[in-house]
Amino acid sequence: MRKYIVKRLLLSVMILFCVTFIIYALLRCLPASYVETVAMQLASKPGAKPYEEWLTQLNASYGLDKGILPGYVTWLGDAVRGNFGDSWKYTVPVLQKFSEVIWLSFIMGAIALVLELVIAIPLGVIASTKQYSRTDYAVTAGALIGISLPPFFFATILKLIFSVKLGWFDLFGLVGRDYAQLDAMGQFLDKANHLVLPIATLVIVSIGSLMRYTRTNMLEVLNSDYIRTARAKGLSEKKVIYQHAFRNTLIPLVTIVGGSLPTLFSGALITETLFSIPGIGFTSYEAMRIGDIPFSMFYMTFLAILTLASNLLSDILYAVVDPRVRIA
């Protein structure tokens, strides 16, 4: 196991170098550019230098006058030392801005993931054990609705019902109007109240695929020969389902759960935008929109590291879930 992990880590480092170079090259080729926007603004002032001169000066100050490969080498050298520069859009160090917005998105994503697992997996198991029953049809229909309809539709419906009609939640924002006058517990409850609808949206749009996946894998396992043998030996249906069938269903589910690690930190762009939640998803979108290379490079490098780590974690968990799997 130790040798396998070391080999995978070394391979992951090589992959990370390739991924970051591709990301850097793509960002350098984007049509939107922060320096172009700033150069236009400076050139439009009375008596200012021409646009071309400002563009040349700004490119030199940000290191964009170098080629893609030399520029990447420079960025990589700074990144290894933990220096990711200042965000061009937010005018603060990249790590500072990242730390300000990441935990809000992480809390939303973690709560949504826990609720998704708690709701989707049991419903998928129940639907598989009651195939072609009303319960199965209801779960399948609910899953298809969650898969088919986009997040902005659910978010709009939830806001219409619970904000406009019932008035239980605010339409936008993270805090209410009287947030500053509340005590510590009141401020916590106020923020929690504003996160209910965004988290509900994330759960609804993601729960369907996991329910369908669980149901399909459970049906495949329940039709296996060893399940028929277990039933023939007189084991109770509860033991057959939850001690034999469900454990083998966990193997593909581990892949989904392990692969969800990056999503906890990637943010929910559409949901955060619709509810005006200042999370990492909306922040990174705004940075990419204007060509903020320092922030975008750090954010996508961070996601690449998480993706590689989640893949390694999934492989290791296979051996934990199923004793038949051994990593040589």
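Residues numbered from 1 in each chain as written. Predicted model: local features only at pLDDT ≥ 70, side-chain atom pairs only at ≥ 80, totals over all residues. Heavy atoms only, no water.

**Concerning the state of the cysteines**
Put simply, the rule reads: Any pair of cysteine sulfurs within 2.5 Å is marked as a disulfide. Type-normalised accessible area, obtained with a 1.4 Å probe on protein chains alone, sets the label of each residue: buried when under 20%, exposed when over 50%, and partly exposed for intermediate values.
Taken as a whole and judged by the stated rule, the model has zero disulfides. Looking at the unpaired Cys18, the closest cysteine sulfur is the one in Cys29, lying at 17 Å. Its relative accessible area of 57% is what places Cys29 among the exposed residues.

**A word on the packing of helix α7 (residues 151-165) against helix α8 (residues 184-222)**
Spelled out, the test is: Helix axes are fitted only over the stretch in contact, all axes being lines through C-alpha atoms; the angle between N-to-C directions runs from 0 to 180 degrees. Under the scheme used here, helices are H or I runs from DSSP no shorter than 4 residues and strands are E runs no shorter than 2 residues, and both carry numbers assigned from the N terminus. Our angle categories are set so that under 35 degrees counts as roughly parallel, over 145 as roughly antiparallel, 65 to 115 as roughly perpendicular, and the remainder as oblique. With the far helix as reference, a near helix turned anticlockwise by less than a right angle produces a left-handed crossing, and one turned clockwise produces a right-handed crossing. A contact between two residues is defined here by any heavy atoms of the two lying within 4.5 Å. Basically, the charged four are Asp, Glu, Lys and Arg, the nonpolar ten are Ala, Val, Leu, Ile, Met, Phe, Trp, Tyr, Cys and Pro, and anything else, Gly included, counts as polar.
Contact geometry for α7 and α8: axes closest at 9 Å, N-to-C directions at 135°. Overall, the two elements α7 and α8 adopt an arrangement that is oblique. By crossing handedness, the relation of α7 to α8 is classed as right-handed. Here Pro151, Phe154, Ala155, Leu158, Lys159, Phe162 and Ser163 of α7 lie close against α8, whose contacting residues are Leu197, Ala200, Thr201, Ile204 and Val205. Of the residues belonging to the contact of α7 with α8, the class tally is nine nonpolar, two polar and one charged.

**So, the environment of Leu9**
Tracing the sequence through the fold places Leu9 in helix α1 (residues 2-28). Residue class for Leu9 comes out partly exposed when judged on its relative accessible area of 44%. Spatially, the C-alpha atom of Leu9 lies 26 Å from that of Gly71, the residues being 62 residues apart in sequence.

**Side note on unusual backbone geometry**
Note on backbone geometry: most residues besides glycine have negative phi, and most peptide bonds are trans. Even without being glycine, Thr91 reaches a positive phi, approximately 55°. Relative to the helices and strands, Thr91 is located in the loop between α4 (68-80) and α5 (94-129). One non-glycine residue with positive phi stands out, namely Ser276, at about 55°. The topology assignment puts Ser276 in the loop between α12 (269-274) and α13 (280-289). We classify Ser276 as partly exposed; its relative accessible area is 40%.

**Digging into the environment of Asp190**
With respect to the helices and strands, Asp190 occurs in helix α8. The spatial distance from the C-alpha of Asp190 to the C-alpha of Tyr179 is 7.2 Å, given a sequence separation of eleven residues. In this structure Asp190 touches Leu174, Val175, Gly176, Tyr179 and Leu182, once residues within four positions along its chain are discounted.

**Here we look at the pattern of salt bridges**
Definition in use: Salt bridge criterion: a side-chain nitrogen from Lys or Arg within 4 Å of a carboxyl oxygen from Asp or Glu.
Across all of its chains, the model carries five salt bridges by this definition. Where Glu286 meets Lys89, a salt bridge forms, and the shortest distance between an N and an O atom there is 4.0 Å. Placement of the pair is Glu286 in helix α13 and Lys89 in the loop between α4 and α5, with a sequence separation of 197 residues. By relative accessible area, Glu286 is classed as buried at 12%. In this structure, Glu286 and Arg289 form a salt bridge, with 2.8 Å as the shortest nitrogen-oxygen distance. Linking Glu286 with Arg289, this pair stays in helix α13, spanning three residues, or about one helical turn. Classification of Arg289 as partly exposed rests on a relative accessible area of 43%.

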